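Here is what each chain is made of, one letter per residue.
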Amino acid sequence: MNLWFIFQKKKQKKNRQYDCNLIVSLDTSPSRKLLADIVRNSTEFNCFVHTIEAWSGSFQGYIGPEEYKAKLLQSSFTLSPRFFFFWIFI
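Residues numbered from 1 in each chain as written. Predicted model: local features only at pLDDT ≥ 70, side-chain atom pairs only at ≥ 80, totals over all residues. Heavy atoms only, no water.

**Considering the packing of aromatic side chains**
Part 1 of the reasoning: Per the counting criterion, the structure on display carries one aromatic pair.
Part 2 of the reasoning: An angle of 55° between the planes, with centres 5.6 Å apart, marks the rings of Y18 and F48 as tilted. Taken together, the positions of Y18 in strand 1 (residues 18–25) and F48 in strand 2 (residues 47–52) put the pair 30 residues apart, joining distant regions of the chain. The burial state of Y18 is the same as that of F48; both residues are buried. (Phe/Tyr/Trp six-rings, centres within 6.5 Å; stacked < 30°, edge-to-face > 60°. Helix = DSSP H or I, 4+ residues; strand = E, 2+ residues; numbered from the N terminus. Buried < 20%, exposed > 50% of the residue type's maximum accessible area, 1.4 Å probe, protein only.)

In structure tokens:
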């Protein structure tokens, strides 16, 4: 799987708390739930994962802008669900 290649990059990380981050709404693409499950269940890497079931008019369950920025800066890279979905089915 292409994720294996990506996570080998974690050896190059420099003082980052997380190998990667995944911050998504699960209802916007079927690949997002699959990717979130894979990342959460992995013992190969340390990834920050925050999901919500669906976007709504309420901000309950969302992370704020400052926390979002902090998680991005604490991560070696950000996972892209649509890119992931594309590669697993080629």
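**Things to note about helix 2 (residues 30–41)**
Part 1 of the reasoning: Its 12 residues give helix 2 an end-to-end C-alpha distance of 18 Å, which sits within 8% of 16 Å, the value for a rise of 1.5 Å per residue.
Part 2 of the reasoning: Within the span of helix 2, buried status applies to S31, R32, L35, A36 and V39. Taken end-on, helix 2 shows its buried residues confined to a sector of 130°, consistent with a single buried face. In helix 2, those exposed residues whose orientation departs by more than 90 degrees from the buried face are P30 and N41. (Expected span 1.5 Å × (residues − 1). Arc of directions from axis to C-beta.)

**Remarks on the pairing of strand 2**
Part 1 of the reasoning: Summarising burial for strand 2: six of the six residues are buried, a large majority.
Part 2 of the reasoning: Alternating residues of strand 2 divide into C47, V49 and T51 and F48, H50 and I52, and every residue in both groups is buried.
Part 3 of the reasoning: Two strands pair when backbone bridges link them, and strand 1 and strand 2 are joined in this way by six bridges, in the parallel orientation. For I23, the partnering residue across the bridge sits in strand 2 and is H50.
Part 4 of the reasoning: Once you follow strand 1 into helix 2 and on to strand 2, the crossover reads as right-handed. (Pairing = 2+ DSSP bridges. Right-handed = clockwise from strand over helix to strand, strands pointing away.)

**Let's talk about the environment of Y18**
Part 1 of the reasoning: According to the relative accessible area criterion, Y18 is buried, its value standing at 10%.
Part 2 of the reasoning: Between the alpha carbons of Y18 and F48 there is a distance of 6.4 Å; along the sequence they are 30 residues apart.
Part 3 of the reasoning: Residues contacting Y18, with those up to four places away along its chain left out, are N46, C47, F48, K71, Q74, S75 and S76. (Contact = heavy atoms within 4.5 Å.)

**Considering the side chain of R32**
Part 1 of the reasoning: The topology assignment puts R32 in helix 2.
Part 2 of the reasoning: Despite its burial, R32 pairs with no opposite charge; the closest candidate is D27, at 7.2 Å N-O.
Part 3 of the reasoning: A polar contact of 3.2 Å, which involves the side chain of R32, links it to the side chain of T28. (Lys, Arg positive; Asp, Glu negative; His and termini not counted. Salt bridge = Lys/Arg side-chain N within 4 Å of Asp/Glu carboxyl O. Polar contact = N/O pair within 3.5 Å; in protein donor to acceptor, adjacent residues only side chain to side chain.)

**Some words on the state of the cysteines**
Part 1 of the reasoning: Scanning all chains against the criterion turns up one disulfide.
Part 2 of the reasoning: Each sulfur of the disulfide joining C20 and C47 lies 2.4 Å from the other. The S-S bond linking C20 to C47 shows a torsion near -130°; that makes this disulfide left-handed. In this pair, C20 is assigned in strand 1 and C47 in strand 2, connecting sequence segments 27 residues apart. Side by side, C20 and C47 carry an identical accessibility label, which is buried. (Disulfide = S-S within 2.5 Å.)

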